[in-house]
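Fold and geometry: a report
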Amino acid sequence: MPILNPKRHVALNGRTYVICELLGYGGSGEVYRVTQDTASYALKLFFPFYDLNLFGATGLTAKIRDSMAFQRSEHAFLLRLSHPNIVKVHDAGDLVLQQREQKRLPVNGVTTLPVLLTEYIDGSPLNDAISHFDLNADQITHLLRRLAAALHYLHDTCNYMHTDLKAANILIRKVDHEPILIDFALCKNLNSMEVDLSQPTRLIGDWDLFPKELPTDHRLKAFKTKDGTRQTLRELAFPTLDLFQVGKLIKAILSLLSGRMNDRDIVYLDTIADALTRWESAAAWTTPDLVSRFARLGEEHFSAFGVPELSAPTSTERMIMIPPSIGVPLTRRIEQIIDTRSFRRLSLIHQLCLLSLVYPGADYKRAVHVLYSYNLTRELVSHLYTSPLFRMLFDRRSAQQLLVMALLHDINHFPFLHVFQESAIPGLDRVGVVDLFCDGEATGERAARKPSIYDLLNDVGIDPPRFKRLVFSGHHEQINEIDAVISSILNSGVDIDKLSYLFLDGYFTGVRYGGGIDYPCILKAATIVRVGGDERPHLAFGDRALQATENVVMTRAWNFRSLYWHHTNRALMAMVLRVVRNLYVKHKRDVKEYLLDTMWLNDVDALKYLDQQYEKQVHQPSIVAGIVAERGKLYRRLYTVRAGFGDDVDDALYRDLRPLSLDGELELCGEIAKALRGFLRGGGDSAFEIDPDEILIDLPRRDMDSGGPVYLVRSDGKAAQLSELSEPVRSINSSYERLTKRIRIFISPRLASVINKDARKERRKEIQTLLVETLKVRGKGSTQIR
């Protein structure tokens, strides 16, 4: 039976109201519609029924008295609330109960109860309103956004926490379907400007609105049964408790949304709810995060995103063409980046170094690669916005950051970068290299008073430390979920970098393994999933893309064999490496000098530069002198160590040579030179002298594997690595080094004229024995070599 009767007159602070009807009741009291003249109001009569459940109704316990006393002090602050989606509190005070009303209470001795007078909302609770008012997707999207805005005001402007967020406390106004947040009886004031945060307080409310995953003795749950300070409550649960309850609210209404919203947005809301209903995850959110996530609902956000770089190509001011007939739309931001002096360097650097000595078309530039990577990322993001987790994590700002990172992921490149990486040169700090090319000093932007790469990165919210971490650090080293996603898109088993260069390398060389990759399938199947024990978000693909992703991994392996590890290309790289080691390790020249002097040179001119510096240092031409103009000056293969092909001796040679240090490699070249003199004397040439520089060992030192994990989403919705689902990929991964790498011994053209190609083939076994014996003499030979 209601505590108050209809037509009962209520006096509150000099005004009289008439009870019309009971609107509802709950754990903290009853709500009535009251009138004054012709105006209607809602009167909230506070009585802590929750406390009765906790402490029982045997007499009026001290806790119940304390709750009512606390509520009286708390009501004063609610009068200050002013937001269109929060119920307006008009008055607060005490209602003197009549004797018959006192008898209706479950405890004795209560003569007055705290009351709140608020505006009357003619509407229905959220869960009922969805059906009663036949709300459509736009209306539901609007009300969720307005609810988030109300909480943003409550949390970030007022520093109040509602603590009782549920569908019954969100009324949808009948006249305009606007959501109104009501029932602030259990609200907590955590504003240090209004209350002393050292004051004791206690949480009362429905246990179902508290996280069950927390242990019974968790300090937050202790607030239900005993006092703690407001400061402690703020640290433990503000605004997390309200956000957790929003997650519960979304879960409660999801089933009502079917047929009203598209499945994509329902799954997206479910993803938000999953994040919010896990306490640890919800604790990482802020209310502005909720505002941002709800802002991504609706068709207008799904189709346009608000990111200029993702607009249709016809709407951009300019388009740049790259081979083969690919139009890359440019916005002002992207145009600013590609017009920097630092980026312009990439138009000089060969993507495939000097592989054009083998494949004449392979002289395309790194700028083409990064522009294509950027364009692929535009397409990828357009598809990823169908991924609920991507849409939840990313907003306009972070989407722009991803696009800019795709364009700049290779900004650290310079002529023969990979050779220098294999050289172990002291002082070649990759972070320092990035600073050199991006801070605007060395590249000239500062002097020209134009923005540097770092300035333009800062415009989209990326500072230098974050930029370097995204470029150089692994997925597990990223410090937030957005960066984990960006890292996986830039650097994983199937990433935009590989998708770009595998296609372009095949196109320009004519070795078209990459031409068979199903790019539309891969891009359309892209999504974001949580992987690993720490559930970090990572790029993944639907299982319909299994064969397409298989093709990417296998194409990369075959490209290493046919292109990047082609014996002529590796001979050239071994020659350059010998010169680089001589200049910058043996003679300790400053590698920064090389970076500055070759900043505006292409690879051919950089090769000439190295030869000139060598001649100045050593007073004789280097082994790379003239090799571009005269192919006959290239070194030739003496022997290729092929591990894993059934030759036990080659297997043992590979194991012994693979861990060889650079210094050990140089020593071994000298030993092989001595052994070859004996080899040639056996052929009748007793006076033949061999310089150690005429022997090169090509032992690729860059870490090389299958490129990182590739995740597929199985039909059961769980993520699995491609290698778990694909036998061909398992085979590739298990023998990647064997399939992609060879250890080769190269000899100078002079030696090759003596030990010609036919002789090398005929005497392969003798050369193999020579290498085995040379290693044994050095004490490095394997006991498995016989």
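Worth saying up front: this structure is predicted, and the values here are computed from it rather than measured.

**Thoughts on the overall build of the chain**
The helix and strand tally for the chain stands at 36 helices and 22 strands. Taking 28 Å as the expected radius of gyration for a compact globule of 786 residues, we find that the chain reaches 36 Å, considerably beyond that expectation. Projected onto its principal axes, the C-alpha coordinates of the chain cover approximately 130 × 60 × 45 Å. Counted over contacts in the chain with a minimum sequence separation of 6, partners at least 24 positions apart contribute 70%. Just so you have it, the chain exposes about 32,500 Å², and 49% of that area is on carbon and sulfur atoms. Where the 100 positive side-chain charges of the chain centre and where its 97 negative ones centre are 1 Å apart.

**Quick word on the confidence of the model for the chain**
Averaged over the chain, the pLDDT score is 88; the fraction of residues at 70 or greater is 92%. Looking at the elements of the chain, mean pLDDT is at its lowest for helix α12 (residues 299–304), recorded as 47, and at its highest for helix α22 (residues 481–490), recorded as 97.

**So, empty space enclosed by the protein**
Within the structure shown, the criterion is met by five cavities of 30 Å³ or more. Taken as a whole, the largest cavity spans an internal volume of roughly 70 Å³. A574, L577, R578, R581, L662, E665, L666, L696 and I697 together form the lining of the largest cavity. Only α26 (567–586), α30 (662–681) and β19 (695–698) provide two or more residues apiece to the lining of the largest cavity.

**Digging into unusual backbone geometry**
Put simply, F238 and P239 share a cis peptide bond, and its omega is 0°. Note on placement: P239 falls in the loop between α7 (230–237) and α8 (240–257). Here P323 and P324 are connected by a cis peptide whose omega angle stands at -10°. Mapped onto the elements of the fold, P324 is located in the loop between β14 (318–322) and β15 (326–330). Unusually for a residue other than glycine, K7 sits at a positive phi of about 70°. Assignment of secondary structure puts K7 in the segment before β1 (9–12). Owing to a relative accessible area of 69%, K7 belongs among the exposed residues under this scheme.

**Points about the packing of aromatic side chains**
Taken as a whole and judged by the stated rule, the model has 19 aromatic pairs. An angle of 10° between the planes, with centres 4.3 Å apart, marks the rings of F390 and F394 as stacked. A single burial state applies to F390 and to F394, both of which are buried. Cluster of aromatic residues (ring-pair linked, three or more members): Y364, Y372, F503, Y507, F508 and Y519. The ring of W285 is capped by R293, whose NZ or CZ atom sits 4.4 Å from the centre of that ring. Cation over ring: R345 sits above F437, and NZ or CZ is 3.7 Å from the ring centre.

**Quick word on the pattern of salt bridges**
Summed over all chains, the structure comprises 36 salt bridges. Measuring nitrogen to oxygen at the nearest pair gives 2.8 Å for the salt bridge that ties E309 to R333. With E309 in the loop between α12 and β14 and R333 in helix α13 (residues 332–338), this residue pair connects regions lying 24 residues apart in the sequence. Where R589 meets E593, a salt bridge forms, and the shortest distance between an N and an O atom there is 2.8 Å. R589 gets classed as buried once you look at its relative accessible area, which sits at 18%. For E593, a relative accessible area of 32% corresponds to the partly exposed category. Three or more residues are tied together by salt bridges with common partners; here these are K251, D270 and D274.

**Structural notes on the sheet that holds strand β22 (residues 743–747)**
If you trace the three strands from one edge of the open sheet to the other, you get β18-β22-β19, paired in antiparallel fashion. At either margin of the open sheet sits one strand with a lone partner, and together these are β18 (636–641) and β19. For this sheet, the mean angle separating the axes of adjacent strands, direction not counted, is 20°. One ladder, built from four bridges, connects β19 with β22; its direction is antiparallel. Bridge assignment links L696 to a residue of β22, and that residue is F746. With respect to the sheet, helix α29 (residues 648–657) is in contact with β18 and β22, its orientation differing from that of β18 by roughly 100°.

**What to know about helix α11 (residues 287–295)**
Within α11 the residues assigned to the buried category are T287, L290, R293 and F294. For α11, the arc enclosing every buried residue in end-on projection is 115°, short of the 170-degree limit, so these residues lie on one face.

**Some details on the sheet that holds strand β21 (residues 719–721)**
In a beta sheet, neighbouring strands are held together by backbone hydrogen bonds and run either parallel or antiparallel to one another. Taken in spatial order, the four strands line up as β16-β17-β20-β21 in an open sheet, and their pairing is mixed. If you trace the sheet from one side to the other, it starts and ends with β16 (526–531) and β21, each paired once. The sheet shows a mean angle of 50° between the axes of neighbouring strands, taken without regard to direction. Pairing analysis gives three bridges linking strand β20 (residues 711–713) to β21, with the strands arranged antiparallel. Bridge pairing links Y711 to Q721 in β21.

**Points about the environment of L135**
Structurally, L135 can be placed in the loop between α4 (126–132) and α5 (137–157). Judged by its relative accessible area of 2%, L135 is buried. Remark: the alpha-carbon pair of L135 and L171, spanning 36 residues in sequence, is separated by 13 Å. Ignoring any residue separated from it by four or fewer positions in sequence, one finds L135 in contact with A129, I130, I140, L143, H177 and R260.

What counts as what
Residues numbered from 1 in each chain as written. Predicted model: local features only at pLDDT ≥ 70, side-chain atom pairs only at ≥ 80, totals over all residues. Heavy atoms only, no water. Helix = DSSP H or I, 4+ residues; strand = E, 2+ residues; numbered from the N terminus. Rg over C-alpha atoms; globule rule 2.2 N^0.38 Å. Contact = heavy atoms within 4.5 Å. Areas by Shrake-Rupley, 256 points an atom, 1.4 Å probe, with all protein chains shown as cover. Lys, Arg positive; Asp, Glu negative; His and termini not counted. Charge placed at Lys NZ, Arg CZ, Asp CG, Glu CD. pLDDT = per-residue confidence, 0-100. 1 Å grid on protein atoms, 1.4 Å probe; cavity = no way out; pocket = protein on both sides within 12 Å on 5 of 7 lines; lining within 4 Å. Points joined across faces, edges and corners; volume = space filled by probe spheres on them. Buried < 20%, exposed > 50% of the residue type's maximum accessible area, 1.4 Å probe, protein only. Phe/Tyr/Trp six-rings, centres within 6.5 Å; stacked < 30°, edge-to-face > 60°. Lys NZ or Arg CZ within 6 Å of the ring centre and 35° of its normal. Salt bridge = Lys/Arg side-chain N within 4 Å of Asp/Glu carboxyl O. Pairing = 2+ DSSP bridges. Axes fitted to C-alpha atoms, helices over the stretch in contact; angles between N-to-C directions. Arc of directions from axis to C-beta.

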